[in-house]
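Architecture at a glance
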Amino acid sequence: MLNTLYRFLVSLSTVFWSFALLLGLMLVGSLMLPENLAFFSGIDDEPLFRWLLANAEITKVWWIWALVAGIAWLGLSTVLCTLDFLRTRLSRVRFLLRVTPQVMHLGVLFVMLGHLLTGSYGFKTDYMVRKGDPIEPLENIRLTLENLDLTLDELGLAADWRADLRLEEQGQSVTRQIRPAGPVYFGGLGFYFKSVAMEEEPVAVLRICRDPGAPWALAGGILLIMGGTAFLYARFRKSEA
Amino acid sequence: MIEAFAELQELSSWLLLAAAILYILVIGESRYAKYYFWAGLLIHGVNFLMRGLDLGWVPLAEKHDTISFIGFSLALSLAYAERKTRNDRLLLFGTPLVVAFLFISFLSRRQDEISPFLNSTWFFLHSVTYFGSLGMLGAGMVAGGLFLHGRVSELEQMQYRMLLYGWIIYTVALVLGSIWFFVAYGTYWLWTSKELWSTLTWFYLGMYAHARLMPRFRGWPAAAMGTLGFAFALFTYFGVGTVIPSPPTAF
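All names here are of chain B. Under the counting rule described, the total for this entry stands at 2 cavities of 30 Å³ or more. Each pocket or cavity is described by its volume, and for the largest cavity that value is around 60 Å³. Taken together, Leu16, Asn47, Phe48, Arg51, Pro59, His64, Asp65 and Ser68 form the lining of the largest cavity. Contributing elements (two or more residues each) for the lining of the largest cavity: α3 (33-55) and α4 (63-85). Along the lines of polarity and charge, the residues of the lining of the largest cavity split into 3 nonpolar, 3 polar and 2 charged. As a volume, the second largest cavity reaches approximately 40 Å³. Surrounding the second largest cavity, Leu16, Leu17, Ala20, Leu102, Phe103 and Phe106 form its lining. Mapped onto the lining of the second largest cavity, the elements with two or more residues apiece are α2 (11-27) and α5 (89-107). For the lining of the second largest cavity, the class distribution of residues is 6 nonpolar, no polar and no charged.

Right, here's the structure in full:
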């Protein structure tokens, strides 16, 4: 019985239909999101699972729960496939060809873990920061905007912006420049320059985030690339040699 | 259309038109077809470099340039596939697709501006790999289509190779895109139709890679499935945001 279940989980056919199921769910999701734009407007502002539990309208969110379950199922199948591979004896000739897909599988698992951590423990909030007016986004961390440079376009709208941030934590202090797509990382937090609000004087709108899943997702991405590249080498270059 | 002709006063537009004409000559099946193709490819590449020098950034931040680059990457991938298989029909049947991309690019309105969030090395690396992978998937579609028509197994092998190359480069593009997104917006994932379809395309190509290992999918079923990979990738870029609404990428 257990052996049958094991064979079922590691079979290519199971993987194929799991992919098909996930494709179907993502297709449904891509149609449900724009249909319920107001409902889903806050989904990216807090960790996924907290948002899902607070917005329990099952007719609108069932596909996300199903997607999470489907990805967990695929993850289980991937783990068992890799364990099955470790049990087999490898010939030296086909070693690279057989190991590299497992490296890619490991990469997928890391990406899944990254999403799980991000969806469970992430933190994200926006602050309006005035020059010289310090804020404390978290206990022990103090942030002061020291300088704000703004470039306006022909219509008088903000076209580019940058600022100097002074960050202090337990006596340690650093000053770094922040700009769009040029964040500052300090004390386990990421500081992002979102926009500039035009009040009496320009005010910086900063997003402050903590994402414990990002390093895992990045590691997974690197493994995927390494495994994929090595597989291409083993599959095509060696066969030509 | 009038705007497109008005823009012809610029050298890069003339280069694009010259490349398109040379590609069209390939379809005429003359004995000089290959020379026309390579001349078209060269001029197309020069146009990309000139646009970059003119703008001051990698010219892949607006549809006019990205569509032209998909055509360039497709032409380059077709040239590679043709050299490996020595099958002229890859160029003959693939070049009309390159021409189509060039003309769609030509008719797309140019903006010549870039948001500060896009002006990032990570974004440019993501764009080059993403649109580069689309060209490889396109060459895979051409090889697969020709296999389905004539059942020459070498073409199916080439389709598999191009799709695997395309899939791995697409993976690199998604990783680089996630890094750029994290650096620009503080997250590597958003719940939008665009992100879902980008992932869906990756899963579809993964499904193809697994299906090809299954005896029941060998031959035409896998080839037909692989041929659709390019359609998925194209729909993600052109269809999501137009056919399926998706908010623009922003905070």
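That shown, we press on.
Once that is clear, we can look at the nonpolar core. A general feature of soluble globular proteins is that nonpolar side chains tend to end up buried together. A:Phe40, A:Trp63, B:Tyr23, B:Phe37 and B:Trp191 are the most contacted members of the largest nonpolar core, which totals 106 residues. Sorting elements by how many residues they give to this core places helix α7 (residues 153-185) of chain B first, with 12 residues. Ignoring any residue separated from it by four or fewer positions in sequence, one finds A:Phe40 in contact with A:Met32, A:Leu33, A:Trp51, A:Lys60, A:Val61, A:Trp63 and A:Ile64. Counting 34 residues, the second largest nonpolar core, distinct from the first, contains A:Leu167, A:Ile178, A:Leu189 and A:Phe193.

In a beta sheet, neighbouring strands pair by backbone hydrogen bonds and run either parallel or antiparallel. All names here are of chain A. Spatially, the 4 strands line up as an open sheet ordered β2-β3-β4-β5, and their pairing is antiparallel. Every other strand in the sheet has two partners, leaving β2 (135-138) and β5 (172-178) as the edge strands with one partner each. For this sheet, the mean inter-axis angle between neighbouring strands, taken without regard to orientation, is 30°.

Chain-level pLDDT for chain A is 91 on average; 96% of the residues reach the 70-or-more range. Looking across chain A, the model is least confident in β2(A), with a mean pLDDT of 86, and most confident in helix α2 (residues 12-35) of chain A, with 96.

Our focus in this paragraph is the interface of chain B and chain A. Counting residues at the interface gives 47 residues for chain B and 58 residues for chain A. Roughly 4,500 Å² is buried in total at the junction of chain B and chain A, and carbon and sulfur atoms are behind 78% of that figure. Where chain B meets chain A, there are 0 salt bridges. In this structure, the connection of chain B to chain A is made through 8 residue pairs in polar contact (both at pLDDT 80 or more). Where the side of chain B that touches chain A is concerned, the elements lending two or more residues are α7 and α8 (193-211) of chain B. The biggest single contributor to the side of chain B that touches chain A is α7(B), with 15 residues. Grouping the amino acids of the side of chain B that touches chain A by side-chain chemistry returns 33 nonpolar, 10 polar and 4 charged.

Here the focus is the sheet that holds strand β7 (residues 189-198) of chain A. Sheet architecture is open: 4 strands sit in the order β1-β8-β7-β6 (chain A), paired in antiparallel fashion. Every other strand in the sheet has two partners, leaving β1 (123-129) and β6 (184-186) of chain A as the edge strands with one partner each. Within the sheet, the average angular offset between the axes of one strand and its neighbour, ignoring direction, is 30°. Sitting on the sheet, α7(B) touches β6, β7 and β8 (202-210) of chain A, and the angle it makes with β7(A) is about 60°.

Our focus in this paragraph is the domain arrangement of chain A. Residues and elements named next belong to chain A. Under the domain assignment used here, chain A contains domain 1 (11-122 + 220-240) and domain 2 (123-210). Just the C-alpha atoms count here: the centres of domain 1 and domain 2 sit 35 Å apart. The interface is formed by 4 residues belonging to domain 1 together with 4 residues belonging to domain 2. Here domain 1 packs against domain 2, burying approximately 280 Å² in sum over the two surfaces, 32% of which is carbon and sulfur. Looking at the side of domain 1 facing domain 2, the largest losses of area belong to Asp44, Asp45 and Gly122, adding up to 91% of the total buried there. Taken together, domain 1 and domain 2 are joined by 0 salt bridges. Joining domain 1 to domain 2, the criterion identifies 1 residue pair in polar contact (both at pLDDT 80 or more). Counted by class, the side of domain 1 that touches domain 2 contains 1 nonpolar, 1 polar and 2 charged residues.

So, how was this worked out
- Residues numbered from 1 in each chain as written.
- Chains lettered and ligands numbered in written order.
- Predicted model: local features only at pLDDT ≥ 70, side-chain atom pairs only at ≥ 80, totals over all residues.
- Heavy atoms only, no water.
- 1 Å grid on protein atoms, 1.4 Å probe; cavity = no way out; pocket = protein on both sides within 12 Å on 5 of 7 lines; lining within 4 Å.
- Points joined across faces, edges and corners; volume = space filled by probe spheres on them.
- Helix = DSSP H or I, 4+ residues; strand = E, 2+ residues; numbered from the N terminus.
- Nonpolar A, V, L, I, M, F, W, Y, C, P; charged D, E, K, R; others polar.
- Core = buried A, V, L, I, M, F, W, Y, C linked by side-chain atoms within 4.5 Å.
- Buried < 20%, exposed > 50% of the residue type's maximum accessible area, 1.4 Å probe, protein only.
- Contact = heavy atoms within 4.5 Å.
- Pairing = 2+ DSSP bridges.
- Axes fitted to C-alpha atoms, helices over the stretch in contact; angles between N-to-C directions.
- pLDDT = per-residue confidence, 0-100.
- Buried area = accessible area lost by both parts, 1.4 Å probe.
- Salt bridge = Lys/Arg side-chain N within 4 Å of Asp/Glu carboxyl O.
- Polar contact = N/O pair within 3.5 Å; in protein donor to acceptor, adjacent residues only side chain to side chain.
- Domains from an automatic or database assignment.

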